[in-house]
Number of protein chains: 2
Amino acid sequence: MKPTSPAEAESAFYSAFGSGDHMRMMAVWATAEDLVCVHPMGPRLDSRDVISASWQQILAGEPQRIFDIHLKASWGDTNIAVRVVDEIISVPRSGLQFAPVIATNVYKFTDNGWFMIAHHASIDAASNRDVRDSEPAHTRH
Amino acid sequence: MKPTSPAEAESAFYSAFGSGDHMRMMAVWATAEDLVCVHPMGPRLDSRDVISASWQQILAGEPQRIFDIHLKASWGDTNIAVRVVDEIISVPRSGLQFAPVIATNVYKFTDNGWFMIAHHASIDAASNRDVRDSEPAHTRH
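Residues numbered from 1 in each chain as written. Chains lettered and ligands numbered in written order. Predicted model: local features only at pLDDT ≥ 70, side-chain atom pairs only at ≥ 80, totals over all residues. Heavy atoms only, no water.

**Quick look at the packing of helix 1 (residues 6–19) of chain B against helix 3 (residues 48–61) of chain B**
Residues and elements named next belong to chain B. The interhelical angle for the contact between helix 1 and helix 3, taken along N-to-C directions, is 50 degrees, at an axis separation of 8 Å. The orientation of helix 1 with respect to helix 3, classified from their angle, is oblique. Every residue of helix 3 that contacts helix 1 at Phe 13, Ala 16 and Phe 17 is listed here: Trp 55, Ile 58 and Leu 59. For the contact of helix 1 with helix 3, the residue count by class is six nonpolar, no polar and no charged. (Axes fitted to C-alpha atoms, helices over the stretch in contact; angles between N-to-C directions. Helix = DSSP H or I, 4+ residues; strand = E, 2+ residues; numbered from the N terminus. Parallel < 35°, antiparallel > 145°, perpendicular 65-115°, else oblique. Contact = heavy atoms within 4.5 Å. Nonpolar A, V, L, I, M, F, W, Y, C, P; charged D, E, K, R; others polar.)

Below is the structure:
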């Protein structure tokens, strides 16, 4: 299936991520392009093989995650699109929910549609915690 | 001066960053656009005022940094450009040198030239250390 928009490619990315589906995850990424993937606190990965191996490991570690994705900024052009999202991630198996991971996702239009070329994710150290049942920081005293 | 390319805007960004020049730093950023700035381990900042205040604080903390910038990937289009760089940062005052900060920088073309609209920086936790005089990891035993 040809992803006809950056939003559709992004939706496929988080669907594959959430369901731990490595094959669908790698189908979201472009082939024959420079790629960049930075997982939170991780190094810059730049080859499709290394990126694929990193996802294999991450997805195997947790077969189901629920993503609540908030699009915070997006810029588009004919062939390149950038989307910055907050990812609120819940892990049903453990019951944990984490404060936002910030991701900058970049997509490129090719003859076969829109594909991911970069995923740069990071954690806000001040708010990275299990957020279930915790009061908002400003109400603490 | 009108930045005529993403590379020129990026050069102005690191020049301002390195010399602690807040006014020149903010001249690199677009006005009247959605903006995103994520400092390493930090939250997603999204207004020009908040981004400006963050740079004020960072630049005031260290008046001189030397940046050795390695462009690792770039994608461009008529109006949007994305550049992923490794930033090797040396601080002359302390003599410290840090392993790469990874930055995804996004630029937009406006009537006045190319301006920064997003800067997403993160640290590789495994390699973030003072790298002076340290052996490469693979030679340790």
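**Comments concerning helix 3 of chain B**
All names here are of chain B. End to end, helix 3 covers 20 Å across 14 residues, agreeing with the expected 20 Å (1.5 Å per residue, within 8%). Along helix 3, the positions that sit buried rather than exposed are Ile 51, Ser 52, Ser 54, Trp 55 and Leu 59. Down the axis of helix 3, the buried side of the element spans an arc of 160 degrees, and every buried residue falls inside it. Looking at helix 3, the residues exposed on the side facing more than 90 degrees away from the buried face are Asp 49, Gln 57 and Ala 60. Turning to helix 3, the residues buried within the fold contact helix 1, helix 2 (22–28), strand 1 (36–38), strand 2 (44–45) and strand 6 (113–123). (Expected span 1.5 Å × (residues − 1). Buried < 20%, exposed > 50% of the residue type's maximum accessible area, 1.4 Å probe, protein only. Arc of directions from axis to C-beta.)

**A word on the relation of the copies chain A and chain B**
It takes a turn of 180 degrees to lay chain A on chain B, together with a shift of 0.0 Å along the axis; the resulting RMSD is 0.0 Å. What the superposition gives is, in effect, a two-fold axis relating one chain to the other. Most of the interface of chain A is mirrored in chain B, where 100% of its interface residues again form contacts. (Least-squares fit on C-alpha atoms with pLDDT ≥ 70 in both.)

**Points about the sheet that holds strand 1 (residues 36–38) of chain A**
Residue and element names in this part refer to chain A. Here we have six strands laid out as an open sheet, ordered 2-1-6-5-4-3, and mixed in their pairing. With one partner strand each, in any of the chains shown, strand 2 (44–45) and strand 3 (66–76) form the two edges of the open sheet. When strand 1 meets strand 6 (residues 113–123), the two strands line up parallel, connected through three bridges. Its bridge partner being in strand 6, Val 38 is matched across the sheet by His 120. Seen against the sheet, helix 1 (residues 6–19) touches strand 3, strand 4 (80–91), strand 5 (96–110) and strand 6 and runs at an angle of roughly 25 degrees to strand 4. (Pairing = 2+ DSSP bridges.)

**Re the pairing of strand 5 of chain A**
Residue and element names in this part refer to chain A. One ladder, built from eleven bridges, connects strand 4 with strand 5; its direction is antiparallel. Paired with Arg 83 across the two strands is Asn 105, which belongs to strand 5. Hairpin connection of strand 4 to strand 5: four residues between the antiparallel strands, including Gly 95 at a positive phi of 80 degrees. Alignment of strand 5 against strand 6, held across ten bridges, turns out to be antiparallel.

**Overview of the packing of aromatic side chains**
Residues and elements named next belong to chain A. Here the structure, examined in full by the defined rule, presents 14 aromatic pairs over all chains. Relative to Tyr 14, the ring of Phe 13 has its centre 4.7 Å away and its plane inclined at 80 degrees; by these criteria the two rings are edge-to-face. Residues Phe 13 and Phe 17 carry aromatic rings whose centres are separated by 6.0 Å and whose planes lie at 70 degrees to one another, so their mutual orientation is edge-to-face. Highlighted residues: Phe 13 and Phe 17, both in helix 1, separated by four residues, approximately one helical turn. The exposure class assigned to Phe 13 is buried, which follows from its relative accessible area of 0%. (Phe/Tyr/Trp six-rings, centres within 6.5 Å; stacked < 30°, edge-to-face > 60°.)

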